[in-house]
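# Structure assessment
One letter stands for each residue in the lines below.
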Amino acid sequence: MRWARYIRTAGDDQFGEQWEVLARDPVLVVTGGGFDPRVPRALRRLLEVAKAQVDVVRIELTGATEDPEIAAITQANRTAVDALIADAGGTLIDQPFPSVQSLRSAGVNISRAFHEAGYLDRHKQILVDVSGLPRSVYFPLVLGLLRASATTWDGDLHVVACDSHEVDSALIEEGAEAPGPLGGFAGPTSDSAWATTIWIPVLGEGMSEQLAALLDAIGPEEVVPVLPFPSADPRRGDNLVLEHRELLTDDRFAVESRNYIYASEANPFDLYRAITDLHDRYQSALRILGAAKFVLSTHSSKLLSIGVLLAAYENGLEVMHVSPSRYGLRAGVDVASLANAGQLVDLWLAGEPYR
């Protein structure tokens, strides 16, 4: 496994200590331009310890919104990032959101524009902050950077997420596009029939509608759900099973008790290893009958989603997704407290440690 050994730091202090050493060379930070309260968190901590110049590419995510609270939070994030970069003397580049109908196409277009702009030629240290980015954007973006690292770019790639179950629970997703693969994750193409189709969904709260839509679209012979354990809330896995019990006991799901994967909520490399190991065992067992088709989907935290991304990248697997048409915050949440909740988790995905 590419990431059998890995480098991961957890906590704002460890994040700062690591980047105090790494940020002696210029750093490029990729962040989102939306309303997520966590958007300025990693950049602020990085700038507190950086010795070299820090530049930012801010990916614009949404157009005008009719919700004044969301608009105010978005503007506050923009103002905070503008001030941080201005004070530090770095460069801030706004990457516009493509004018396309599908969010999946938008993510691929953003990744292409990122490479065409030559950012990799000017930076050896790249930090992608996925805290404020949707999966439809950061999946193809990180995929493109991993591919570049394996071919033409010899820099260090980091992904950071502010891991906070409080913030994840406060975010809401409304509306939905038709199910489809995320950009760059359409999986293998094969003219021969698959021996079986296995769906691995990472379960999350409030996602029953999306799970039902994916079940119809994928039509798997077997379902292997992922539950977060260990978790900050020891009962979270049990609560997810209770929430989705109708789907999990549906004849089409037919999930057996031994068919659950348990993966650490705070360590995406744990989920990456579990999926990769399961994939290898199925392919070995079914070799005489043909290959098993694996389809992944993620409905949980940003960290667990990175575990899905890494497993899909290494094994060439399909990642299906139901993109929401609108994101928002639950009524009555304290935005200031959410901005300081959780901890920064840095994942060193490519570069010096893996050569």
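Let me begin by describing the structure that accompanies this report. (Residues numbered from 1 in each chain as written. Predicted model: local features only at pLDDT ≥ 70, side-chain atom pairs only at ≥ 80, totals over all residues. Heavy atoms only, no water.)

Close contact between helix 11 (residues 268-285) and helix 12 (residues 302-315) brings their axes to 7 Å; oriented N to C, the two are set at 35°. For the pair helix 11 and helix 12, the sense of crossing is right-handed. Along the contact surface, helix 11 presents Pro268, Phe269, Leu271, Tyr272, Ile275, Thr276, His279 and Asp280, while helix 12 presents Leu303, Leu304, Ile306, Gly307, Val308, Leu310, Ala311, Glu314 and Asn315. Taken together, the residues of the contact of helix 11 with helix 12 sort by class into eleven nonpolar, four polar and two charged. (Axes fitted to C-alpha atoms, helices over the stretch in contact; angles between N-to-C directions. Helix = DSSP H or I, 4+ residues; strand = E, 2+ residues; numbered from the N terminus. Left-handed = near helix turned anticlockwise from the far one by under 90°. Contact = heavy atoms within 4.5 Å. Nonpolar A, V, L, I, M, F, W, Y, C, P; charged D, E, K, R; others polar.)

Attention now goes to the sheet that holds strand 1 (residues 7-10). As summarised here, the arrangement of the seven strands in space is 1-16-6-5-2-3-4, forming an open sheet in which the pairing is mixed. Either end of the sheet is taken by a strand with one partner, and the two such strands are strand 1 and strand 4 (92-95). Within the sheet, the average angular offset between the axes of one strand and its neighbour, ignoring direction, is 20°. As judged from the six bridges shared by strand 2 (residues 27-32) and strand 3 (residues 54-59), these two strands associate in the parallel manner. Looking at the pairing, threonine 31 lines up with arginine 58 of strand 3. Along the sheet, helix 3 (residues 68-88) contacts strand 3 and strand 4; its crossing angle with strand 3, the most-contacted strand, is approximately 160°. (Pairing = 2+ DSSP bridges.)

Here the residue pair phenylalanine 229 and proline 230 is connected by a cis peptide bond, since its omega of 0° sits within 30 degrees of zero. Relative to the assigned elements, proline 230 resides in the loop between strand 11 (226-228) and helix 9 (236-243).

A separate point is the packing of aromatic side chains. Aromatic ring pairs are described here by two measures, namely the spacing of the ring centres and the angle between the planes. Per the stated rule, a full pass over the model turns up eight aromatic pairs. When the ring of tyrosine 282 is compared with that of phenylalanine 294, the centres are 5.7 Å apart and the planes differ by 80°; the resulting orientation is edge-to-face. Placement of tyrosine 282 in helix 11 and of phenylalanine 294 in strand 13 (residues 292-298) is noted, with a sequence separation of twelve residues between them. Neither residue differs from the other here; tyrosine 282 and phenylalanine 294 are each classed as buried. Taken together, Trp3, Tyr272 and Tyr313 form an aromatic cluster joined through their ring pairs. Geometry around tyrosine 354 places arginine 2 over its ring, the cationic atom sitting 6.0 Å from the centre. (Phe/Tyr/Trp six-rings, centres within 6.5 Å; stacked < 30°, edge-to-face > 60°. Buried < 20%, exposed > 50% of the residue type's maximum accessible area, 1.4 Å probe, protein only. Lys NZ or Arg CZ within 6 Å of the ring centre and 35° of its normal.)

This part is about the pattern of salt bridges. For the coordinates displayed, the defined rule picks out 19 salt bridges. The closest approach of N and O atoms between glutamate 205 and arginine 236, which form a salt bridge, is 2.8 Å. With glutamate 205 in the loop between strand 9 (196-202) and helix 8 (208-218) and arginine 236 in helix 9, the pair connects residues that are 31 residues apart, well separated along the chain. What makes glutamate 205 partly exposed here is its relative accessible area of 35%. In this structure, arginine 258 engages glutamate 256 in a salt bridge whose closest nitrogen and oxygen atoms are separated by 3.0 Å. Looking at arginine 258, the relative accessible area reads 71%, which means it is exposed. Given the relative accessible area of 40%, glutamate 256 is considered partly exposed. Members of the salt-bridge network, linked through shared partners, are Arg58, Glu60, Arg78, Asp82 and Asp94. (Salt bridge = Lys/Arg side-chain N within 4 Å of Asp/Glu carboxyl O.)

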